[in-house]
Amino acid sequence: MSDLDRLYRLGPIHLAPSVTRLQAATLLFSAFFSIGLMTFIAVGQTYILNAHLGISTDVQGTISGDLVFWTEIITLALFIPAGILVDRVGRRLIFAIGFLLLAVTYVLYPMAGSVDELYLYRIVYALGVVTVATALSTVMADYPAEHSRGKLVATVGVLSGLGIVVINQFFGGLPKTLTADGMDGIQAGYVTHYIVAGIAVVVAVLVWLGLQKGTPTHHEERLSARDLFVSGFAQARNPRILLAYLAAFIARGDQSVNATFLILWGTTAGLAAGMDSGEAVKNGTIIFVLAQVAALVWAPIMGPFMDRMDRVTGLALSMALAAVGNLAVIWMADPTPGSAWLFCVLLGIGQISVYLASQSLVGQEAPRNKRGSVMGAFNVAGAIGILIITAIGGRLFDGVAPYAPFVLVGAVNVLLLVLCVAVRLSGPAKPAAAPEKV
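Note that the coordinates shown come from a computational prediction; the quantities given were computed from them, not determined experimentally.

The rules behind these values
Residues numbered from 1 in each chain as written. Predicted model: local features only at pLDDT ≥ 70, side-chain atom pairs only at ≥ 80, totals over all residues. Heavy atoms only, no water. Helix = DSSP H or I, 4+ residues; strand = E, 2+ residues; numbered from the N terminus. Rg over C-alpha atoms; globule rule 2.2 N^0.38 Å. Buried < 20%, exposed > 50% of the residue type's maximum accessible area, 1.4 Å probe, protein only. Contact = heavy atoms within 4.5 Å. Polar contact = N/O pair within 3.5 Å; in protein donor to acceptor, adjacent residues only side chain to side chain. Phe/Tyr/Trp six-rings, centres within 6.5 Å; stacked < 30°, edge-to-face > 60°. Lys NZ or Arg CZ within 6 Å of the ring centre and 35° of its normal. Salt bridge = Lys/Arg side-chain N within 4 Å of Asp/Glu carboxyl O. Core = buried A, V, L, I, M, F, W, Y, C linked by side-chain atoms within 4.5 Å. pLDDT = per-residue confidence, 0-100. Expected span 1.5 Å × (residues − 1). Axes fitted to C-alpha atoms, helices over the stretch in contact; angles between N-to-C directions. Parallel < 35°, antiparallel > 145°, perpendicular 65-115°, else oblique. Left-handed = near helix turned anticlockwise from the far one by under 90°. Nonpolar A, V, L, I, M, F, W, Y, C, P; charged D, E, K, R; others polar. Bend = angle between axes of the 7 residues up to and from the residue.

### Side note on the overall build of the protein chain
Then comes step 1: Counting its regular elements, the protein chain contains 13 helices and 2 strands.
Then comes step 2: Since a compact globule built from 438 residues should have a radius of gyration of about 22 Å, the 21 Å found for the protein chain is in line with a globular shape.
Then comes step 3: Its C-alpha atoms put the protein chain at 65 × 45 × 40 Å along the principal axes.
Then comes step 4: The 438 residues of the protein chain split such that 58% are buried.
Then comes step 5: Across the protein chain, contacts joining residues at least 24 apart in sequence account for 83% of those joining residues at least 6 apart.

What follows is the structure, given as structure tokens:
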């Protein structure tokens, strides 16, 4: 057996040929920081709107939704080019650049003197999200053997959830700690954001050093940029890939609703109860973190379970769990940790289930030499989901009730559950491949 065909494993996870343990470990390391560094924008932005800019709480839902909408408009235009770059240039360069762009975002964000400046800085953030998300999802599709895909995706989900919990919990509460020690509230915002930026730089360097060089295809297998540009959406002729794209729409929308509106709901409720800005943001962050802890615990249960069933069946089950979690929020009257924990647990379970199932399905179905482009299209679908759901959700939050954005997501979950059943009944099951003998 040649070195290029040698098979490794990392714990219970069997790796694809030529992928080493160090490269797989680097993927897992980057997964811990990727989503956490992307979602911290919601925590940091909420603090800046209150402590730095003094924005009235009755318009913060609309502003937050519009900022996300602006970000997704940009990402829509860039996910396909990013997928082409990942296929043509390589995963690790694009991944490292993405973390550097997130670092620049967190240097700029606390400098904003108005909401208009936040819109400008969101351009840099959007570039970072596009490059990190495309590279992460592509490497996650590259590295596992098929029969271990659910396990690797679940492990990435666990580490992503843990990163969200650690980064958002610690740095979400850091301004409160700094101001309690006597630091000015605005200065505390600067220090918090600059530390997060420094972490992003360190991760960029380690990703560059640890991931596999180049692309997993041979030169003769590489498609032209033009072919890659059209191939992502052309693959939607496969109904299972189309279903994965639709699942990405709601999976990313669900994540954004949780990150944006769960934090905002807890924060505005805290301010209404008489908390200062730092304490109110901490209250919102804690209930968001509760959802992420639930996801963290659930992922290692759901991932191996999905390796034992058809990927579409796993997605249908996930949509059902997500629908329950989002629709149950109608009855969450008090967004504080003591009262809201059960609802947060249900939200977390539903969110991570859809994430795991959609990534597993698209990873199984995407052709190897078009994988970056398929992941680009997958992320475009996710960006459209964020764009539509947060834009509508922000206005529902301000004009109807704080739970309204979650009900919107739950309704879409139900519709996609029906579509999953239809796709599953229309074709035979496709179980994961059996482990190869080495």
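### Here's the deal with the side chain of Thr 267
Then comes step 1: By secondary structure assignment, the location of Thr 267 is in helix α8 (residues 239-272).
Then comes step 2: Given a relative accessible area of 0%, Thr 267 falls into the buried group.
Then comes step 3: A polar side-chain atom of Thr 267 sits 2.8 Å from the main-chain carbonyl oxygen of Ile 263.
Then comes step 4: Setting aside its immediate chain neighbours within four residues, Thr 267 contacts Thr 46, Asn 50, Ala 280, Val 281 and Gly 284.

### Regarding the packing of aromatic side chains
Then comes step 1: Considering all chains together, one arrives at 9 aromatic pairs under this definition.
Then comes step 2: Of the aromatic side chains, those joined through ring pairs into one cluster are Phe 40, Tyr 106, Phe 170 and Phe 171.
Then comes step 3: Between the NZ or CZ atom of Arg 92 and the centre of the ring of Trp 208, over which it lies, the distance is 3.7 Å.

### Points about the pattern of salt bridges
Then comes step 1: Taken as a whole, this structure holds 5 salt bridges when the rule is applied.
Then comes step 2: For Asp 142, the salt bridge is made with Arg 91, and the minimal N-O distance between the two is 2.7 Å. In this pair, Asp 142 sits in helix α4 (residues 115-142) while Arg 91 sits in helix α3 (residues 91-108), placing the two residues 51 residues apart along the sequence.
Then comes step 3: Judged by relative accessible area, Asp 142 falls into the buried class, the value being 10%.
Then comes step 4: Taking the shortest distance from any N to any O, the salt bridge between Arg 424 and Asp 310 comes out at 3.8 Å. Pair noted here: Arg 424 is in helix α13 (residues 404-426) and Asp 310 is in the loop between α9 (277-306) and α10 (311-328), with a separation of 114 residues, a long-range link.

### Some points on the nonpolar core
Side chains that are nonpolar tend, in soluble globular proteins, to be buried together.
Then comes step 1: Residues Phe 99, Ile 250 and Leu 356 are the most contacted members of the largest nonpolar core, which totals 127 residues.
Then comes step 2: When neighbours within four sequence positions are excluded, Leu 356 is seen to be in contact with Val 153, Ala 154, Gly 157, Ala 299, Met 302, Gly 303 and Met 306.

### What to know about the confidence of the model for the protein chain
Then comes step 1: The predicted model of the protein chain has a mean per-residue pLDDT of 82, with 91% of residues at 70 or higher.
Then comes step 2: The secondary-structure element of the protein chain with the lowest mean pLDDT is helix α7 (residues 225-234), recorded at 60, while α3 shows the highest, at 94.
Then comes step 3: Taken together, the stretch residues 433-438 has pLDDT below 50 and engages in 7 contacts with residues farther than four places along the chain or on a different chain.

### Quick notes on α3
Then comes step 1: A rise of 1.5 Å per residue sets the reference length of α3, with its 18 residues, at 26 Å; its end C-alpha atoms lie 26 Å apart and thus fit the reference within 8%.
Then comes step 2: Every buried residue of α3 is listed here: Arg 91, Arg 92, Ile 94, Phe 95, Ala 96, Gly 98, Phe 99, Leu 102, Ala 103, Thr 105 and Tyr 106.
Then comes step 3: Here the buried face of α3 lies against α1 (21-52), α2 (60-88), α4, α6 (185-210) and α12 (371-399).

### Here we look at unusual backbone geometry
Then comes step 1: Here Ser 18, not a glycine, exhibits a phi torsion of approximately 80 degrees, which is positive.
Then comes step 2: With respect to the helices, strands and loops of the structure, Ser 18 is situated in the loop between β2 (13-14) and α1.

### Looking at the packing of α2 against α4
Then comes step 1: Contact geometry for α2 and α4: axes closest at 7 Å, N-to-C directions at 40 degrees. The angle between α2 and α4 places the two elements in the oblique class. Between α2 and α4 lies a crossing of right-handed hand.
Then comes step 2: A per-class count over the contact of α2 with α4 returns 20 nonpolar, 5 polar and 2 charged.

### Some points on helix α5 (residues 149-180)
Then comes step 1: With 32 residues, α5 should reach 46 Å at 1.5 Å per residue; the first-to-last C-alpha distance of 46 Å fits that figure.
Then comes step 2: Along α5, the sharpest change in direction is near 35 degrees and occurs at Leu 174; proline Pro 175 comes one to four residues later.
Then comes step 3: Positive backbone phi, approximately 105 degrees, marks Gly 182, located one or two places after α5.

### A short note on the environment of Ala 25
Then comes step 1: One can find Ala 25 in helix α1.
Then comes step 2: Placed 15 residues apart in sequence, Ala 25 and Leu 10 show a C-alpha to C-alpha distance of 7.9 Å.

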